[in-house]
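Analysis of the macromolecular model
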Amino acid sequence: MARGRAAAWAALGPLLWGCALALQGGMLYPRESPSRERKSLDGLWRFRADFSDTRRRGFEEQWYRRPLRESGPTLDMPVPSSFNDISQDWRLRHFVGWVWYEREVTLPERWTQDLRTRVVLRIGSAHSYAIVWVNGVNTLEHEGGYLPFEVDISSLVQVGPLSSHLRVTIAINNTLTPSTLPPGTIRYMTDASRYPKGYFVQNTDFDFFNYAGLQRSVLLYTTPTTYIDDITVTTGVQQDSGLVNYQISVKRGSQFELEVRLLDAENKVVAAGTGTQGQLKVPGANLWWPYLMHELPAYLYSLEVRLTAQTSVGPVSDFYTLPVGIRTVAVTESQFLINGKPFYFHGVNKHEDSDIRGKGFDWPLLVKDFNLLLWLGANAFRTSHYPYAEEVLQMCDRYGIVVIDECPAVGLVLPQHFSNTSMNHHMRVMEELVRRDKNHPAVVMWSVANEPASSLESAGYYFKMVITHTKALDPSRPVTFVTNSNYAADKGAPYVDVICVNSYYSWYHDYGHLELIQLQLGTQFENWYKTYHKPIIQSEYGAETIVGFHQDPPLMFSEEYQKALLEQYHLGLDEKRGKYVVGELIWNFADFMTNQTPQRVLGNKKGIFTRQRQPKAAAFLLRERYWKIANETRYPHSAAKSQCLENSPFT
Ligand code: BDP
């Protein structure tokens, strides 16, 4: 069985994709090209939270009909950012309900006058339900944070000489319900002696703060009216040739021609083709490798697609360039293979989280985090527990950092979270995720959930369906979910390709008893492996640590305890590394904000870096280990020798 799985993904890779998305249209990253322009709407937006009892005053008074400042006071709100930590008003920090954003913008004349131009409004993410109006006209609704959505607004802006002024209004509701991802519940507190009338709280079962708002870039971009709507690339390797299979979808045109060229990193054309689908062969291809196995930056080709079409308003051309990494991914009974070589994940779990901007995308933070990942010798991370910004994955493609791409299914702990309504929404989110991230070579596996109650009877069918659907969407990558259930009770594990297991020995159990870790970890691994014969990743382990707390012999919460706990885990991991354990991802890269509870001191402190990205003692320990593993697992052809810890440019 395991060999069959490996054979399916190795070598050639799938020629074409198995299953059409139920979603309409592609979601190509908006890139500039000779035929496409971009206009960023990032910066200051007008903002108001609807504090009315029902939270519906904005709809009753139709705030979208006029400039927001005319219906009441507004705040300045930076985009991208979460709205929660920006103001000094504690009510806004905890706000649950509708918030309103507005931005006015002037368009270049050619966008509004040239009928061969298509104008698109794209929202990088809006957590969690969004309604969008353009000049007061309802144009789009979208459910789910963390993924982009867009709308063609040409007909709204190409209406007359004065149409270049645009008012974009976005209402966003951060309420989580049993059928959203992640799920949550609103609880009304009805004891009048303790709570005022109508008082409610948002309950969730996940361990990060539910930051919300326009947390990623908003922009306008153009394409011609007949345009390249989507490109799907899969890659394979045949002897020393790289294979690039492409499939292109064109919208709003039947009379068109497509030319495709593959350029190497020096901009030399190495292969070419025509038409909506085909295979390009690259003799002596440079493969995309994780950076510690080869070199930095990782090798990327560019797929240039050129469309020429005849339309009723004349000829149009469209150009789009997609970075392509040629690589294969396969899983055997005990290994995770990249380009046919065993790959060991030594990395981290992250969060999109920082002071003040919450989950707002931030370039300085992104680059700092990547510098820290290289310093650490981390070759992989999981996007715990939701899809990260596209710019993050682009960095991973360039840096050769491997990604387990997770959807926001975290906190599925009640039977109703496994209902048909939830399942349909979950499948749709996977469609949106695969549609957005399918072309990133760095993404080597999908994770459909984190720590669901997978021992519930209904979880079996649920995960069978969600995983089967994801595999049909993308037959080129393995699929998993991250479990903390007992190996014998887990109903979803039969359907995953890799067992990803979280455990917190000597933290949430047997507090302080570090001496038990090796035994318990060994038992955990043996149990899972003998039951499933699948490779295993230790997808979380760690200890809460307050920076600057010292205690020797180690006690919980001290830096010494975090180090000692990690050391015990590493001994247990080393027992099975090279056998069937194929990875370890520390929880967590950095401290991050959570809900307020007596268990959390200004957030979760299991980071090896603080929230301000300064190292705790454990960071140095992990760094020694990761570089040691990198040096042991490096392949002879690798040019990465200069990156060993001693000679590293980062030491
Ligand atoms: C794990 C969860 C993660 C938590 C972590 C912890 O997957 O989201 O933050 O525990 O408790 O169970 O620190």
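An unreviewed UniProt entry annotates the protein as Beta-glucuronidase of Sapajus apella. According to the UniProt record, the Sequence similarities (unreviewed entry) comment for the protein is "Belongs to the glycosyl hydrolase 2 family."

Turning our attention to the environment of Ala309. Along the chain, Ala309 turns up in strand E18 (residues 301-311). In this structure Ala309 comes out as buried when scored by relative accessible area, which is 5%. Once the C-alpha coordinates of Ala309 and Leu258 are considered, the two residues, 51 residues apart in sequence, prove to be 8.8 Å apart. Beyond its immediate chain neighbours, meaning those up to four positions away, Ala309 contacts Thr226, Gln255, Phe256, Gly314, Pro315 and Val316.

Taken together, the neighbourhood of the ligand is formed by 13 residues, with Asp207, His385, Glu451, Tyr508 and Lys606 sitting nearest. Take Tyr508: an N or O atom from its side chain is 2.4 Å from an oxygen atom of the ligand. One nitrogen or oxygen atom from the side chain of Lys606 is found 2.5 Å from an oxygen atom belonging to the ligand. Burial of the ligand by the surrounding chains reaches 90%, relative to a free accessible area of 320 Å². Residues that form the shell around the ligand fall into these classes: four nonpolar, four polar and five charged.

Below, the discussion takes up the nonpolar core. Within soluble globular proteins, side chains that are nonpolar tend to cluster in buried spots. By size, the foremost hydrophobic cluster in this structure holds 143 residues, and its most contacted members are Ile231, Leu303, Phe336, Phe345, Phe370 and Phe381. In this structure, Ile231 is in contact with Leu28, Gln247, Ile248, Leu303, Val305, Tyr320, Leu322, Lys438 and Asn439, ignoring residues within four places of it in sequence.

Attention now moves to the pairing of strand E15 (residues 256-263). The two faces of the sheet receive side chains in turn, since in a regular strand these alternate between them. With eight bridges connecting them, E15 and E18 associate as antiparallel partners. The residue bridging Leu263 from the neighbouring strand is Ser302, located in E18. As paired strands, E15 and strand E16 (residues 269-274) are joined by five bridges and run antiparallel to one another. Across the sheet, residue Val260 finds its bridge partner in E16, namely Gly273. In this antiparallel pair of consecutive strands, E15 and E16, the connection spans five residues, and Asn267 shows a positive phi of 70°.

If you trace the four strands from one edge of the open sheet to the other, you get E16-E15-E18-E19, paired in antiparallel fashion. The two strands at the open ends of the sheet, each matched to only one other strand, are E16 and strand E19 (314-324). The average undirected angle you get between the axes of adjacent strands in this sheet is 15°.

A cis amide bond, omega 0°, links Val79 with the succeeding residue Pro80. Within the secondary structure, Pro80 sits in the loop between strand E3 (75-79) and helix H3 (90-93). Following Trp587, the chain continues to Asn588 via a peptide bond in cis, the omega torsion being 10°. For Asn588, the position within the fold is in the loop between strand E30 (581-586) and helix H12 (617-633). Even without being glycine, Arg55 reaches a positive phi, approximately 65°.

Once that is clear, we can look at helix H9 (residues 457-473). Since there are 3.6 residues in each turn of an α-helix, residues three or four apart along the chain are aligned in direction. With 17 residues, H9 ought to run about 24 Å at 1.5 Å a step, and its terminal C-alpha atoms sit 26 Å apart, in line with that. When H9 is considered as a whole, its buried residues turn out to be Ala459, Gly460, Tyr462, Phe463, Val466, Ile467, His469, Thr470 and Leu473.

Attention now moves to the sheet that holds strand E28 (residues 499-502). Around the barrel, eight strands lie side by side as E23-E24-E25-E26-E27-E28-E29-E30; this closed barrel has parallel pairing. Along the sheet, successive strands turn relative to each other by an average axial angle of 25°, direction set aside. Pairing analysis gives four bridges linking strand E25 (residues 402-406) to strand E26 (residues 443-450), with the strands arranged parallel. The residue of E26 that forms the bridge with Glu406 is Ser447. With respect to the sheet, helix H8 (residues 420-437) is in contact with E25 and E26, its orientation differing from that of E26 by roughly 160°.

Here we take up the side chain of His469. Here His469 shows up in helix H9. Apart from the residues lying within four places of it in its own chain, the contact partners of His469 are Met427 and Glu431.

On to the environment of Val244. Tracing the chain through its elements places Val244 in strand E14 (residues 241-251). When the C-alpha positions of Val244 and Asp76 are compared, they lie 47 Å apart, and in sequence the two are 168 residues distant. For Val244, the residues in contact, after removing those within four places along its chain, are Val233, Thr234, Thr235, Leu262, Gly278, Gln279, Leu280, Val324 and Ile326.

Evaluated as defined, the whole model comprises 39 salt bridges. Residue Asp264 pairs with Lys268 through a salt bridge whose shortest N-O separation is 3.9 Å. On the basis of relative accessible area, Asp264 is assigned to the buried category, the value being 7%. By relative accessible area, Lys268 is classed as exposed at 53%. The closest approach of N and O atoms between Glu406 and Arg382, which form a salt bridge, is 2.7 Å. Here Glu406, found in strand E25, pairs with Arg382, found in strand E24 (residues 380-382); they are 24 residues apart in sequence, far enough to count as distant. Across the pair, exposure class does not vary: Glu406 and Arg382 are buried alike.

Judged by how many residues are buried, strand E6 (residues 129-134) sits mostly within the fold: five of six residues are covered. Where E6 lies against strand E7 (residues 137-143), six bridges are found, and the strand directions are antiparallel. Bridge pairing links Tyr129 to Glu143 in E7. Connecting E6 to the antiparallel partner E7 that follows it, the hairpin turn spans two residues, and Asn135 within it adopts a positive phi of roughly 50°. Two strands pair when backbone bridges link them, and E6 and strand E9 (residues 165-173) are joined in this way by six bridges, in the antiparallel orientation. Opposite Ala130, over in E9, you have Ile172 as the bridge partner.

For the rest of this paragraph, the subject is the packing of helix H10 (residues 517-532) against helix H11 (residues 559-576). Across the interface, H10 lies against H11 with an axial gap of 9 Å and an inter-helix angle of 40°. Taken together, the axes of H10 and H11 are oblique relative to one another. The handedness of the crossing between H10 and H11 comes out as right-handed. Along its contact with H10, which presents Ile517, Gln518, Leu521, Gly522, Phe525 and Glu526, the element H11 presents Leu565, Gln568, Tyr569, Leu571, Gly572, Leu573 and Lys576. Within the contact of H10 with H11, the residues separate by chemical class into seven nonpolar, four polar and two charged.

The residue Ser179 is located in the loop between E9 and strand E10 (184-188) in this model. Note on Ser179: relative accessible area 27%, which makes it partly exposed. Each C-alpha atom of the pair Ser179 and Leu585 lies 29 Å from the other, and the pair is 406 residues apart in sequence. When residues no more than four places from it in sequence are discounted, the contact partners of Ser179 are Glu143, Thr421, Ser422 and His425.

Basis of the calculations
- Residues numbered from 1 in each chain as written.
- Predicted model: local features only at pLDDT ≥ 70, side-chain atom pairs only at ≥ 80, totals over all residues.
- Heavy atoms only, no water.
- UniProt positions renumbered as here; feature names shortened; annotations may be inferred.
- Helix = DSSP H or I, 4+ residues; strand = E, 2+ residues; numbered from the N terminus.
- Buried < 20%, exposed > 50% of the residue type's maximum accessible area, 1.4 Å probe, protein only.
- Contact = heavy atoms within 4.5 Å.
- Near = heavy atom within 4 Å.
- Polar contact = N/O pair within 3.5 Å; in protein donor to acceptor, adjacent residues only side chain to side chain.
- Areas by Shrake-Rupley, 256 points an atom, 1.4 Å probe, with all protein chains shown as cover.
- Nonpolar A, V, L, I, M, F, W, Y, C, P; charged D, E, K, R; others polar.
- Core = buried A, V, L, I, M, F, W, Y, C linked by side-chain atoms within 4.5 Å.
- Pairing = 2+ DSSP bridges.
- Axes fitted to C-alpha atoms, helices over the stretch in contact; angles between N-to-C directions.
- Expected span 1.5 Å × (residues − 1).
- Salt bridge = Lys/Arg side-chain N within 4 Å of Asp/Glu carboxyl O.
- Parallel < 35°, antiparallel > 145°, perpendicular 65-115°, else oblique.
- Left-handed = near helix turned anticlockwise from the far one by under 90°.

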